[in-house]
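A closer look at the structure
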Amino acid sequence: RCETCSQEEAKYRCPRCMKYSCSLLCVKKHKLLQSCNGIRDKTAFVSVNEFTDLNLLSDYRFLEDVGRTADAAARHPIVHSPSTKKHLYWLRNRARKCNIDLRTMPVGFTKRRENSTSYNAAEKKFYWHLKLVFPHCHAEYVLKGVPDDKALADILKPYIDPVESDPVVCQRLKMYTMSPQSDVQILMKIENRKQNSVRYYELDSSRSLLDNLKGKVVIEYPTLFVVLRPLKNDMVVLRQDASESTESSDSESSSLSSMEEGEIRDSS
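In this text, all values refer to a predicted model and were calculated from it rather than measured experimentally. (Residues numbered from 1 in each chain as written. Predicted model: local features only at pLDDT ≥ 70, side-chain atom pairs only at ≥ 80, totals over all residues. Heavy atoms only, no water.)

1. Quick word on the overall build of the protein chain
Across its full length, the protein chain holds 10 helices and 11 strands. Considering the protein chain as a whole, with its 268 residues, one finds that 38% of them fall into the buried category. Restricting to contacts in the protein chain with at least 6 residues of sequence separation, those with at least 24 account for 58%. When the accessible area of the protein chain is evaluated, it comes to approximately 15,900 Å², of which 53% is carbon and sulfur surface. (Helix = DSSP H or I, 4+ residues; strand = E, 2+ residues; numbered from the N terminus. Buried < 20%, exposed > 50% of the residue type's maximum accessible area, 1.4 Å probe, protein only. Contact = heavy atoms within 4.5 Å. Areas by Shrake-Rupley, 256 points an atom, 1.4 Å probe, with all protein chains shown as cover.)

Here it is in structure tokens:
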């Protein structure tokens, strides 16, 4: 049966989320409701027991595509531009002075192209490119020019506040707006970990973005996961002051949704 209308016999299957549909109308409706682009996720996790020759071939072709992209990026004239290198070095140096380990990616990578983070020397303030991910509603929002002294709670108000949020956004994120604010938790993925050992920092919504980023590794720009405490069963959260040795000794593994898995591969 079609998983959208539950009436007709299914004829199609979504390459990305494997949902069944019966018609073009249901396919479009499914993409709209699930925020699905219908493109097969080449980086989706496959267990060893389910790994086949087709998966091996797919991974091989994926690595070839990555190699071609990296080669094209290395040949891009902007890569060898002194002004570009100087700007990125200056940006990373400013972040280092704020106790933030900011790392940039080569030209050609998606996160490098879309990053709009800047630093205002006169105000001595970062204006961050920021991505908000609401995994329970399969929604993502990109913010540009977010001042580093803005509290996380104020950043989230236009999205999950029952009064101040946009009506359209509020309806889409109804699960969040209807939940108590005490259940809302803001997480940030800890970088430089194995993919089968993903961990998150819990951020303090009452503190500024700058305070929450101090002492952390940021690849291009911050990506914040807004979750509900009762529903984050597969996300392992560590304290802000947790050491790497403590994280490594933690044997508990976590599974991620396809949205988060794509983010991992994109930033690696």
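2. Comments concerning the pattern of salt bridges
Evaluated as defined, the whole model comprises 12 salt bridges. Across the pair Arg112 and Glu220 runs a salt bridge, and its minimum N-O distance is 2.8 Å. Highlighted residues: Arg112 in helix α4 (residues 110-114) and Glu220 in the loop between β9 (217-219) and β10 (223-228), separated in sequence by 108 residues. Here the two residues Arg112 and Glu220 agree in accessibility, since each one is buried. A salt bridge links Asp149 to Lys125; the shortest N-O distance between them is 3.2 Å. Placement of Asp149 in the loop between β6 (139-147) and α5 (152-160) and of Lys125 in strand β5 (residues 125-134) is noted, with a sequence separation of 24 residues between them. (Salt bridge = Lys/Arg side-chain N within 4 Å of Asp/Glu carboxyl O.)

3. Details of α5
Buried residues of α5: Leu152, Ile155, Leu156, Tyr159 and Ile160, and no others. Take α5 and look down its axis: the buried residues cluster within an arc of 110 degrees, on one side only. (Arc of directions from axis to C-beta.)

4. A word on unusual backbone geometry
Even without a glycine there, the phi angle at Asn99 is positive, about 65 degrees. Here Asn99 lies in the loop between α3 (82-97) and β3 (101-103). The residue His138 is not glycine, and still its phi comes out positive at about 50 degrees. Within the secondary structure, His138 sits in the loop between β5 and β6.

5. A few points about the packing of aromatic side chains
Counted by the stated rule, this structure contains eight aromatic pairs. On the basis of an interplanar angle of 35 degrees and a centroid distance of 6.2 Å, the ring pair of Phe134 and Tyr159 is categorised as tilted. Placement of the pair is Phe134 in strand β5 and Tyr159 in helix α5, with a sequence separation of 25 residues. Across the pair, exposure class does not vary: Phe134 and Tyr159 are buried alike. On the basis of an interplanar angle of 80 degrees and a centroid distance of 5.6 Å, the ring pair of Tyr200 and Phe225 is categorised as edge-to-face. Of this pair, Tyr200 sits in strand β8 (residues 200-203) while Phe225 sits in strand β10, and the two are 25 residues apart along the sequence. Through pairs of rings, three or more aromatic residues link up here, namely Trp90, Tyr119, Phe126 and Trp128. Across the ring face of Tyr221, the terminal group of Lys111 is positioned such that the distance to the ring centre comes to 4.7 Å. The ring of Tyr201 has Lys216 sitting right over it, with the charged end atom 5.0 Å from the ring centre. (Phe/Tyr/Trp six-rings, centres within 6.5 Å; stacked < 30°, edge-to-face > 60°. Lys NZ or Arg CZ within 6 Å of the ring centre and 35° of its normal.)

6. Some details on the nonpolar core
Soluble globular proteins tend to pack their nonpolar side chains together in the buried interior. Ranked by size, the top nonpolar core spans 36 residues in total, and within it Leu132, Phe134, Tyr159 and Leu173 carry the most contacts. Among the secondary structure elements, those contributing two or more residues to this core are α3, β5, β6, α5, β7 (184-189), β8, α8 (209-213) and β10. Excluding its chain neighbours within four sequence positions, the residues that come into contact with Phe134 are Ala139, Tyr141, Leu156, Tyr159, Ile160, Leu173, Tyr176 and Val226. Membership of the second largest hydrophobic core comes to six residues, among which are Val133, Leu187, Tyr200 and Val227. (Core = buried A, V, L, I, M, F, W, Y, C linked by side-chain atoms within 4.5 Å.)

7. Thoughts on the side chain of Asn212
As for its placement among the helices and strands, Asn212 is situated in helix α8. Among the polar contacts made by the side chain of Asn212, one reaches the main-chain amide nitrogen of Asp204 at a distance of 2.8 Å. Within polar-contact distance, the side chain of Asn212 engages the backbone oxygen of Ser208 at 2.9 Å. (Polar contact = N/O pair within 3.5 Å; in protein donor to acceptor, adjacent residues only side chain to side chain.)

8. Quick word on the UniProt feature "domain: HIT-type" (unreviewed entry) in the protein chain
Here the UniProt-annotated "domain: HIT-type" (unreviewed entry) positions come out as residues 2-36. The distance separating the terminal C-alpha atoms of residues 2-36 is 16 Å; by composition the span is 31% helix and 11% strand. (UniProt positions renumbered as here; feature names shortened; annotations may be inferred.)

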